[in-house]
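Read off the chains here:
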Amino acid sequence: MNTNNPQGSNIFPHHIKIDHLGGADCVTGSCHLVRFCPETDKTVNILVDCGSTYGDDPELPFDQFPVSPDQIDYLFLTHAHIDHIGRVPDLIDAGFSGEIICTHATKALLSPMLHDALSFSNRTDKDINRIEKRIDDLSWGFELYETFTLKNGITFKLKNAGHILGSCFILFTFPDTEANVSIRVIFSGDLGSTDTPILPDPDIPDSCDLLIMESTYGDRLHPDRKSRVENLRRLLDKALADNGIVYIPAFALGRTQELLYELDRIGVKVPVFVDSPLGLKITKIYSELDAFWDKEAKGLKDRGDHPLDFRGLYGVNSYRDHKQLLDIKGPAIIIAGSGMCTGGRIVDHLKHGLEAPLNDIFFVGYQAKGTPGRKMIEKKVPVKAGIHMLTAYSAHADQQMLVDWFKSMPVPPKEFRLIHGEDKARKELYMLLESLSPKSCNLSPGS
């Protein structure tokens, strides 16, 4: 079923149009356009996320957008992962000059995340400084749970999505003056797992007319957190018993901090190296934003046990130190980016370590189609090191968590769309959610 255009749905007046420009039927490159076109007022164009793609996921050029970037009034960012914010600099270069709206924590993370991404581009230092200043000038941090007003009577409210620090889902309310009603639309962004270290669980969503919901892990379940920690401990004990090195490709934002938290809880006895300048910078920001932590993390810090720091933890900032680390002997744990092995320092480590049977690679996050990480898991790349997939470390809610989040709405949505997932995940989740919604509604598994 196709849901690229909500026209024809019972809930949508003709003056609201939604186009999924990225992440409609794949996991990366999230980008969604809402056009509010009341007959008596100027059209308001809202973009929700503008992310980079990974692997084989498609990327729509800006000149093929339904509206040109200079006509977009607002850009909402659900969180600071690159597959949701990575094209923001290019969007600005293409003419966007509207407001960038996000949570306060996402605002704090924008600059370091985009600076790192820009450093791998062809831009000069002067151009990078210019675009960073422009992003800072255009972006605004907003509080959770409060309702704010945009042009033409549109309102929005942000609530915690529990995916990474600062992640949110968005409730938009659009007035329909002809019918004297309001149309409520929720974009879930990326929803996090329950009981994730440091982060509060996702908030309960309000009722809405249309729910646009992610489905990354719509076809699978994660082990519970207690099993996850014990599994990590067991696998580490086994992998390190022969004095090898455990390589963990990890995104600098979210996954690195989560791993440090769990390694501290385990009380690991071998050296742990974070070979990621960005990961170290983000960890520092996480530490400074402790007001956004969950109760458990706050309690540990209050008792003198900082959850992101422990004996035997070493940060590797300089490239010289990185080169020296390549020749280290085990046992040791090395955490480095990028999470899908598409670039970054992990590439150097894997070149050095993949041919040694005593070494191991722990994949702790989703690996998109076509990425080096996915190819290793699928055994399309010959390696001698051990390969382990720890799916419980996904920052995304699993199938049951997505179903529970959907069910927690006071009233089921009149219509929903599943995005941000591969075909199998979207279709399986759709079958489960369809039974929870009124039979008269127009339901669809995605575009």
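Everything discussed here concerns the structure shown above.
Think of each chain on its own: its residues are numbered from 1, step by step along the sequence as written. The predicted nature of this model means local features are confined to residues of pLDDT at least 70 and side-chain atom pairs, given and counted, to a pLDDT of 80 or more, with totals for whole chains, interfaces and linings taken over all residues. Excluded from the side-chain calculations are hydrogens and water; all other atoms, namely the structure's heavy atoms, are used.

What follows covers the overall build of the chain. Secondary structure elements are defined from DSSP: runs of H or I of at least 4 residues count as helices, runs of E of at least 2 residues count as strands, and each element is numbered from the N terminus. If you tally the helices and strands in the chain, you get 13 helices and 18 strands. Using C-alpha atoms as the atom set, the radius of gyration is obtained and then compared with a globule rule of 2.2 Å times the number of residues to the power 0.38. The C-alpha atoms of the chain give 22 Å as radius of gyration, which agrees with the globular expectation for 447 residues (22 Å, within 12%). Reported as C-alpha extents along the three principal axes, the dimensions of the chain are approximately 70 × 50 × 45 Å. Across the 447 residues of the chain, 58% fall into the buried class. Contact definition: two residues touch when any of their heavy atoms are within 4.5 Å. Partitioning the contacts of the chain with sequence separation of at least 6, the portion at a separation of at least 24 is 73%. Summed over its atoms, the accessible surface of the chain is roughly 18600 Å², and 51% of this surface lies on carbon and sulfur atoms. Per-residue accessibility, obtained with a 1.4 Å probe over protein chains only, is compared with the maximum for each type, and a residue is labelled buried under 20%, exposed over 50%, and partly exposed between these values. Methods summary: accessible areas were calculated by the Shrake-Rupley approach with a probe of 1.4 Å, and residue burial reflects only the protein chains presented.

The biggest cluster of nonpolar side chains holds 76 residues, and the ones touching the most others in it are Leu47 and Ile333. Sequence-distant contacts of isoleucine 333, that is, excluding residues within four places in its chain, are made with Leu236, Leu240, Val246, Ile248, Leu263, Val268, Val270, Pro271, Val272 and Phe273. In plain words, nonpolar cores are sets of buried Ala, Val, Leu, Ile, Met, Phe, Trp, Tyr and Cys residues tied together by side-chain atoms within 4.5 Å. Ile101, Phe148, Ile183 and Ile419 belong to the second-largest nonpolar core, a separate cluster that totals 26 residues.

With that out of the way, let us pick up the sheet that holds strand E4 (residues 74–76). Spatially, the six strands line up as an open sheet ordered E1-E2-E3-E4-E5-E6, and their pairing is mixed. The sheet is open, and its two borders are formed by strand E1 (16–22) and strand E6 (139–142), each paired with just one other strand. Put simply, the sheet's adjacent strands are angled 20° from each other on average, direction ignored. The convention used is that axes are lines fitted to C-alpha atoms, helices contributing only their stretch in contact, and that angles between N-to-C directions extend from 0 to 180 degrees. Contacts between helix H3 (residues 104–119) and the sheet are confined to strand E5 (99–103) and E6, with E5 contributing the most and set at about 115° to the helix. Against the sheet, helix H4 (residues 125–138) engages E5 and E6, with an angle of about 40° to E6. The pairing criterion is simple: DSSP has to find at least two bridges between the two strands.

Our next topic: the environment of proline 202. Structurally, proline 202 can be placed in the loop between strand E10 (181–187) and strand E11 (210–214). Linking proline 202 and leucine 191, residues 11 residues apart in sequence, is a C-alpha distance of 6.8 Å. Among residues more than four places away in sequence, those in contact with proline 202 are Asn160, Ala161, Gly162, Gly192, Ser193 and Trp405.

Here we take up helix H13 (residues 423–434). Given a rise of 1.5 Å per residue, 12 residues ought to cover 16 Å, and the 16 Å separating the end C-alpha atoms of H13 matches this to within 8%. Among the residues making up H13, those that are buried are Ala425, Arg426, Leu429, Tyr430 and Leu433. The buried residues of H13 occupy one face: seen down the axis, they fall within an arc of 125°. Multiplying one less than the number of residues by 1.5 Å gives the expected span of a helix. Think of it as the arc spanned by the lines of direction from the helix axis to the C-beta atoms.

Moving on to the pattern of salt bridges. Salt bridge, as used here, is a side-chain nitrogen of Lys or Arg placed within 4 Å of a carboxyl oxygen of Asp or Glu. Going through the model one piece at a time under the given rule, you end up with 31 salt bridges. When the shortest N-O distance is used, the salt bridge between lysine 151 and aspartate 73 registers 2.9 Å. Within this pair, whereas lysine 151 is found in the loop between strand E7 (147–149) and strand E8 (155–160), its partner aspartate 73 is found in the loop between strand E3 (44–50) and E4, the two being separated by 78 residues in sequence. The class for lysine 151 is partly exposed, based on a relative accessible area of 41%. Close ionic contact of arginine 228 with glutamate 258 constitutes a salt bridge, the shortest N to O distance being 3.0 Å. Taken together, the residues span a long stretch of sequence, with arginine 228 in helix H5 (residues 225–240) and glutamate 258 in helix H6 (residues 255–266) at a distance of 30 residues. Side by side, arginine 228 and glutamate 258 carry an identical accessibility label, which is buried. Within the structure, one salt-bridge network assembled from shared partners comprises Asp90, Asp93, Arg123, Asp127 and Arg130.

Turning to the packing of H6 against helix H7 (residues 277–288), a few remarks are in order. Running from amino to carboxyl end, H6 crosses H7 at an angle of 70°, the nearest separation of the two axes being 9 Å. When the axes of H6 and H7 are compared, the pair comes out roughly perpendicular. Of the residues in H7, those touching H6 at Thr256, Gln257 and Leu260 are Gly279, Ile282, Thr283 and Tyr286. Under the scheme applied, nonpolar residues are Ala, Val, Leu, Ile, Met, Phe, Trp, Tyr, Cys and Pro; charged residues are Asp, Glu, Lys and Arg; polar residues are all the others, including Gly. Looking at the contact of H6 with H7 residue by residue, the classes come out as three nonpolar, four polar and no charged. Throughout this description, any angle smaller than 35 degrees is read as roughly parallel, any larger than 145 degrees as roughly antiparallel, any in the 65 to 115 degree range as roughly perpendicular, and the remainder as oblique.

What follows is about the side chain of threonine 173. You can see threonine 173 is positioned in strand E9 (residues 168–176). The contacts of threonine 173, once residues within four sequence positions are left out, are Gly153, Ile154, Thr155, Ser182, Ile183 and Arg184.

All right, on to the packing of aromatic side chains then. Stacked, edge-to-face and tilted are the three classes for Phe, Tyr and Trp ring pairs, Trp counted by its six-membered ring, which pair at centre distances within 6.5 Å; planes under 30 degrees apart are stacked, over 60 edge-to-face, the rest tilted. This structure, assessed with the given rule, holds 13 aromatic pairs. With 5.3 Å between their ring centres and 80° between their planes, phenylalanine 142 and phenylalanine 156 make a pair best called edge-to-face. Of this pair, phenylalanine 142 sits in strand E6 while phenylalanine 156 sits in strand E8, placing them 14 residues apart in sequence. Ring centres of phenylalanine 406 and phenylalanine 416 lie 5.5 Å apart, and the angle between their planes is 80°; this geometry places the pair in the edge-to-face category. Residue phenylalanine 406 is found in helix H12 (residues 399–407), and its partner phenylalanine 416 is found in strand E18 (residues 415–419); the two are separated by 10 residues along the sequence. Of the two residues, phenylalanine 406 and phenylalanine 416, both sit in the buried class.

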